Amino acid sequence: MRINRPIKLLALSLFIIFFGYNGVQQYLTVFFSEKGIFYVGFYSLIIMYVLLSLFSPVAGAFVSNYGPKKAMTLASLFYGLFILALLPGSLLLVYTGSALLGIAAAFLWNGQNIYLIKASAEGTSGRSAGMFMSVLSLSAVFGIFTVWYLQQYFSLHTIFLLFSMLPFIGFFFLLGLPSVTTQYVPNKFKIMRRTLTSPTALRFSLLWFGLAFISGIVIGFLPIDIKNIFGIKWVGPLSMIFYIMPVLFSYISGKIS
């Protein structure tokens with residue numbers, strides 16, 4: 001059974017958004033280290049991912065009430081705004097943009113998870129998830145490679161400005177998604193409490209925590225170490241290795257599941 005059109009459009013939309021965002025994110029700490037304030041990149045990432053965690057329950061409630069399409073569409077705008085917030089050189093703008101993006105990311109990923117399940121044809125959710133993760137990882141590879149290539153001709157400031165347009169293009173693609181129905185849950189806090197005390201949920205959470213921890217190293221410390229040891233021109237090629245394996249194996253794993 002083939003993957004249906006809404007799932008392909010979802011994958012394309014997020015490919016465009018994260019082509020821009022992942023390319024910028026991988027060079028975030030490098031961008032600020034060149035300005036002599038490398039710690040700003042780390043603080044920015046910490047703010048983002050802490051707020052992503054804290055606001056995920058709120059985002060889940062929003063998705064159940066208003067639908068995943070609205071959550072994703074609204075959230076996608078903040079990815080472009082965050083990249084633009086990096087450019088003026090104001091720390092207040094950087095940290096505010098990081099906070100808003102962290103909150104928006106909770107809405108985007110909660111919406112994406114629900115939309116993928118609801119929009120998948122019967123019996124294809126694993127295959128759809130695998131294809132989606134392959135495309136998402138491919139967006140990171142392309143984004144990082146493109147930044148690396150453009151660095152030969154432009155400054156990171158100019159490249160970030162160009163990449164800030166991509167999430168807004170992805171926003172218009174998300175508008176074309178057909179809506180899916182969600183089940184209204186009257187007592188969300190009861191379900192949240194049950195989830196937080198579930199051994200199964202805890203085991204899954206630990207897996208995702210491990211993945212997120214490694215990802216934090218890859219996007220935070222690794223680019224700085226590569227720059228210091230090998231030079232900035234190697235940040236892109238060596239960073240891409242982390243994202244190539246999911247491109248190769250996500251679809252196969254999803255199909256098996």
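Data block above holds the structure.
Just so it is clear, the model here is predicted, and its values are computed rather than measured. (Residues numbered from 1 in each chain as written. Predicted model: local features only at pLDDT ≥ 70, side-chain atom pairs only at ≥ 80, totals over all residues. Heavy atoms only, no water.)

**Q** Quick rundown of the overall build of the protein chain? Include the residues and the values.
**A** Regarding its fold elements, the protein chain presents 11 helices and 0 strands. Each helix and strand of the protein chain, placed in order from N terminus to C terminus, yields the pattern α-α-α-α-α-α-α-α-α-α-α. A compact globule built from 257 residues should have a C-alpha radius of gyration of about 18 Å, and the protein chain, at 18 Å, falls within 12% of that. Taken along its principal axes, the extent of the C-alpha atoms in the protein chain is 50 × 40 × 35 Å. For the protein chain, the residues scored as buried account for 44% of the 257 residues in total. For the protein chain, restricting intrachain contacts to residue pairs at least 6 apart in sequence, the fraction spanning at least 24 positions comes to 85%. Looking at the protein chain as shown, the accessible area adds up to about 13500 Å², and 72% of this sits on carbon and sulfur atoms. (Helix = DSSP H or I, 4+ residues; strand = E, 2+ residues; numbered from the N terminus. Rg over C-alpha atoms; globule rule 2.2 N^0.38 Å. Buried < 20%, exposed > 50% of the residue type's maximum accessible area, 1.4 Å probe, protein only. Contact = heavy atoms within 4.5 Å. Areas by Shrake-Rupley, 256 points an atom, 1.4 Å probe, with all protein chains shown as cover.)

**Q** I'd like a description of helix α3 (residues 39–66), backed by residues and values.
**A** Turn by turn, an α-helix covers 3.6 residues, leaving residues three or four places apart pointing in a common direction. Its 28 residues place the ends of α3 38 Å apart at the C-alpha level, agreeing with the 40 Å of an ideal helix rising 1.5 Å per residue. Along α3, the sharpest kink reaches roughly 45°, centred on Ser-56 and followed within four residues by the proline Pro-57. Among all positions in α3, only Val-40, Gly-41, Phe-42, Ser-44, Leu-45, Met-48, Leu-51, Leu-52, Ala-59, Val-63 and Ser-64 are buried. Positive phi shows up at Gly-67, right after α3, with a value of about 100°. (Expected span 1.5 Å × (residues − 1). Bend = angle between axes of the 7 residues up to and from the residue.)

**Q** Before we move on, could you go through the packing of helix α1 (residues 5–26) against helix α6 (residues 125–150) and cite the residues and values that matter?
**A** At a closest axis distance of 7 Å, the pairing of α1 and α6 adopts a crossing angle of 35°. Handedness of the α1/α6 crossing: right-handed. Of the residues contributing to the contact of α1 with α6, the split by class is 16 nonpolar, 7 polar and 1 charged. (Axes fitted to C-alpha atoms, helices over the stretch in contact; angles between N-to-C directions. Left-handed = near helix turned anticlockwise from the far one by under 90°. Nonpolar A, V, L, I, M, F, W, Y, C, P; charged D, E, K, R; others polar.)

**Q** Explain the packing of aromatic side chains residue by residue, including any values.
**A** In this description, an aromatic ring pair is defined by two values, namely the gap between the centres and the angle between the planes. A full pass over the atoms with the stated rule returns 16 aromatic pairs. Centre to centre, the rings of Phe-31 and Phe-160 are 4.8 Å apart; their planes meet at 40°, and the pair counts as tilted. In this pair, Phe-31 sits in helix α2 (residues 28–33) while Phe-160 sits in helix α7 (residues 156–163), placing the two residues 129 residues apart along the sequence. For the pair formed by Phe-31 and Phe-160, the shared burial category is buried. Counting every residue linked through ring pairs, the aromatic cluster contains Phe-18, Tyr-21, Tyr-79, Phe-82 and Trp-109. (Phe/Tyr/Trp six-rings, centres within 6.5 Å; stacked < 30°, edge-to-face > 60°.)

**Q** Which residues make up α1, and what are the values?
**A** Compared with the 32 Å implied by 1.5 Å per residue over 22 residues, the 30 Å span of α1 between its first and last C-alpha is a close match. Phe-18 marks where α1 bends most, by close to 35°.

**Q** Now, about a nonpolar patch on the surface: what can you tell me, with residues and values included?
**A** On the surface, a cluster of nonpolar side chains totalling about 660 Å² of accessible area is made up of Phe-38, Tyr-39, Tyr-43, Ile-46, Val-50, Leu-54 and Leu-91. The element best represented in the nonpolar patch is α3, accounting for 5 residues. If you trace the backbone, Ile-46 turns up in helix α3. (Patch = residues over 30% accessible without salt bridge, like charges linked within 9 Å, V, L, I, M, F, W, Y side chains within 5 Å. Salt bridge = Lys/Arg side-chain N within 4 Å of Asp/Glu carboxyl O.)

**Q** Mind laying out the environment of Ser-90, listing which residues take part and the relevant values?
**A** Mapping Ser-90 onto the fold places it in the loop between α4 (68–85) and α5 (91–119). According to the relative accessible area criterion, Ser-90 is partly exposed, its value standing at 28%. Remark: the alpha-carbon pair of Ser-90 and Leu-238, spanning 148 residues in sequence, is separated by 30 Å.

**Q** Talk me through the nonpolar core; I want residue IDs and the actual numbers.
**A** Of all hydrophobic cores here, the largest spans 64 residues; its most connected members are Leu-10, Leu-86 and Phe-160. Per element, the largest residue contribution to this core is 12 residues, and it comes from α1. For Leu-10, the contacting residues outside a window of four places in its chain are Met-72, Gln-112, Tyr-115, Leu-116, Phe-132, Leu-174 and Leu-177. (Core = buried A, V, L, I, M, F, W, Y, C linked by side-chain atoms within 4.5 Å.)

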